[in-house]
Amino acid sequence: MNPKMDHDAAQALFNDHVDGELGAEQSAALEAHVQACESCREALDQLRTTVAGLRGLSTPPPASDILQGVQRKIRKRSRGRYFTRGFATSGYRVPYEIIALLMVLLMVVVYFGMASLQDLGAVSGAERGHAEDRERE
Amino acid sequence: MSPADEALLIERLKRRDERAFNEIVRLYEAKVFGLVYKMLGSRGEAEDVAQEVFITVFKAIDQFRGESKFSTWLYRIATNHCKNRRKLLARRMEHAREQLDEATERSHAAAMSKATSTTLGRPDEIVEGFEAERLLHEAIGLLDEEQRELLVLRDIEGLSYQEIVEITAQPEGTVKSRLHRARIAIKEHLERAARPRKK
């Protein structure tokens, strides 16, 4: 413990003291100085009061619902991709990549389906031609 | 909420699960709004900025690697938004001020000064009640950007020095010395406000 702590040394410790970050020995030395020194006592009291006032500051509640505001903005900026009303808010969303892959698969199926229908049509046309040829013969 | 539950929520958010996002907003909206309100001093601006903070979270959640607490990452986003908004507001104010007539400005300042000097009490008396709150908000508004940020994070939001170091990317010694100057500035503002009644 240092009972001969001067003003400058004492005031340099005020912040840590208010924050409760001083060791026991330094804290005791500071308290001893403050008890004997009116100007330091007053300065420390004012700092404590100031910090206590800051810690007690209240916050008014927001006037509007923050979540709704956030959802509205995201919906607008994503052009309806997120936070659209209805089933899309269930939390599950099909990724665009999967949708694209399914579209490609569908196009392939349709293409081959149409191609096979055309083949069938061509085969039946040919068979009809052969049958007509046979009838003529 | 336990850290494991929070990690799960963040994983869901990374998959763009809207319900997980809603839960996160509900969990942190009061803290974010409180922080932003004290940094900006305006309820309307604070509401708008708090919304922007959560939109950034939604967009940038993939960048959160879990190296710090989620709340620390969130506070960093919030403080950055506040700084940007203050710059924007300062530019607007500057523009508006240029358009003001000089005489009008002088008379307004005189009126403000008179109102302030006649309504205040001693520092140790006025740190209670509405007048003290108004005065503290006024004093916080007069701090420079970095001091205000540190004061709000430490003294109002009650964050640890370690968290503040992570949010501001400043060394602990710098944080402490700037915070000390900020507290002194607030105290001196209260003292100046108290002087007229002391006489």
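All values reported here derive from a predicted model rather than from experimental measurement. Counting restarts for each chain, with residues numbered from 1 along the sequence as it is written. Think of it this way: whatever chain is written first is A, whatever ligand is written first is 1, and the rest follow in order. Reporting in this predicted model follows two pLDDT cut-offs: at least 70 for local features of residues, and 80 or more for side-chain atom pairs to be given and counted; totals over whole chains, interfaces and linings ignore these cut-offs and use all residues. Excluding hydrogens and water, the side-chain values take into account all heavy atoms of the structure.

A. The arrangement of the overall build of chain B in detail. The number of helices and strands found in chain B is 10 helices and 0 strands. When the helices and strands of chain B are placed in sequence order, the string is α-α-α-α-α-α-α-α-α-α. Categorising residues by exposure relies on relative accessible area from a 1.4 Å probe, with only protein chains included: less than 20% of the type maximum marks a residue as buried, more than 50% marks it as exposed, and the intermediate range marks it as partly exposed. Relative to its full complement of 199 residues, chain B shows a buried share of 45%. Across chain B, contacts joining residues at least 24 apart in sequence account for 63% of those joining residues at least 6 apart. Working definition of accessibility: Shrake-Rupley area with a 1.4 Å probe, residue cover restricted to the visible protein chains. With the model as given, the accessible surface of chain B reaches about 10,400 Å², and the carbon-plus-sulfur share is 51%. Comment: elements are numbered from the N terminus, with helices defined as DSSP H or I runs of at least four residues and strands as E runs of at least two. In what follows, residue pairs with any heavy atoms lying within 4.5 Å of each other are defined as contacts.

B. Structural view of the pattern of salt bridges. Counted as salt bridges are all cases of a side-chain nitrogen of Lys or Arg within 4 Å of a carboxyl oxygen of Asp or Glu. Under the criterion given, the structure shown has 28 salt bridges over all chains. Salt-bridge contacts for Asp19 of chain A lead to Arg154 of chain B; the nearest nitrogen and oxygen are separated by 3.4 Å. Taken together, the residues span two chains, with Asp19 of chain A in the loop between helix H1 (7-18) and helix H2 (24-36) and Arg154 of chain B in helix H8 (residues 145-156). For the residue pair Asp19 of chain A and Arg154 of chain B, the accessibility class agrees, reading buried in each case. Put simply, Arg12 of chain B and Asp17 of chain B hold a salt bridge, and the shortest N to O gap is 3.1 Å. Each of Lys73 and Arg77 of chain A together with Glu45, Asp48, Glu52 and Arg85 of chain B takes part in salt bridges that share partners, so that together they form one network.

C. Inspection of the packing of helix H2 (residues 18-40) of chain B against helix H3 (residues 43-60) of chain B at higher detail. Residue and element names in this part refer to chain B. Two elements in contact, H2 and H3, have axes whose closest approach is 8 Å; the angle formed by their N-to-C orientations is 135°. Taken as axis vectors, H2 and H3 run oblique relative to one another. Both H2 and H3 take part in a crossing whose hand is right-handed. Two secondary-structure elements touch here, H2 through Phe21, Ile24, Val25, Tyr28, Glu29, Val32, Phe33, Val36, Tyr37 and Leu40 and H3 through Arg43, Glu45, Ala46, Glu47, Val49, Ala50, Val53, Phe54 and Phe58. Side-chain classes are defined by residue name, with Ala, Val, Leu, Ile, Met, Phe, Trp, Tyr, Cys and Pro counting as nonpolar, Asp, Glu, Lys and Arg as charged, and the others, Gly among them, as polar. Class assignment of the residues belonging to the contact of H2 with H3 gives a composition of 15 nonpolar, no polar and 4 charged. Here, axes are lines fitted to C-alpha atoms. For helices the fit covers the stretch in contact, and angles between N-to-C directions go from 0 to 180 degrees. Reported orientations rely on four angle classes, namely roughly parallel under 35 degrees, roughly antiparallel over 145, roughly perpendicular from 65 to 115, and oblique for the rest. Each crossing gets its handedness from the near helix: less than a right angle anticlockwise from the far helix is left-handed, clockwise is right-handed.

D. Just the packing of helix H4 (residues 66-77) of chain A against H2 of chain B, in detail. Where H4 of chain A contacts H2 of chain B, the axes come no closer than 9 Å and their chain directions differ by 120°. Relative to H2 of chain B, the element H4 of chain A lies oblique. For H4 of chain A against H2 of chain B, the interelement crossing comes out right-handed. Listed contacts from H2 of chain B to Ile66, Leu67, Val70, Gln71 and Ile74 of chain A of H4 of chain A are Phe21, Asn22, Val25, Arg26, Glu29 and Phe33 of chain B.

E. Structural view of the environment of Val165 of chain B. All names here are of chain B. Summarising the element assignment, Val165 is placed in helix H9 (residues 161-168). The spatial distance from the C-alpha of Val165 to the C-alpha of Tyr75 is 12 Å, given a sequence separation of 90 residues. In this structure Val165 touches Gln170, Pro171, Glu172 and Val175, once residues within four positions along its chain are discounted.

F. Examining the nonpolar core more closely. For our purposes a nonpolar core is just a set of buried Ala, Val, Leu, Ile, Met, Phe, Trp, Tyr and Cys residues, chained together by side-chain atoms within 4.5 Å. Counting residues in each nonpolar core, the largest one holds 62 residues, and the members touching the most others are Phe21, Phe54 and Phe70 of chain B. Counting 15 residues, the second largest nonpolar core, distinct from the first, contains Val18, Val34, Cys37 and Leu47 of chain A.

G. View of the interface of chain B and chain A. On the chain A side, the residues contacting the 42 residues of chain B number 41 residues. Between chain B and chain A lies a buried interface of about 3,800 Å² when both sides are counted; carbon and sulfur atoms form 56% of it. Looking at the side of chain B facing chain A, the largest losses of area belong to Glu18, Gln51 and Arg183 of chain B, adding up to 18% of the total buried there. At the surface where chain B touches chain A, the tally comes to 9 salt bridges. Among the salt bridges present, the one from Lys73 of chain A reaches Glu52 of chain B, with a minimum N-O distance of 3.2 Å. With 11 residues, the single largest contributor to the side of chain B that touches chain A is H2 of chain B. Two parts placed together each lose some accessible area under a 1.4 Å probe, and adding up what both lose gives the buried area.

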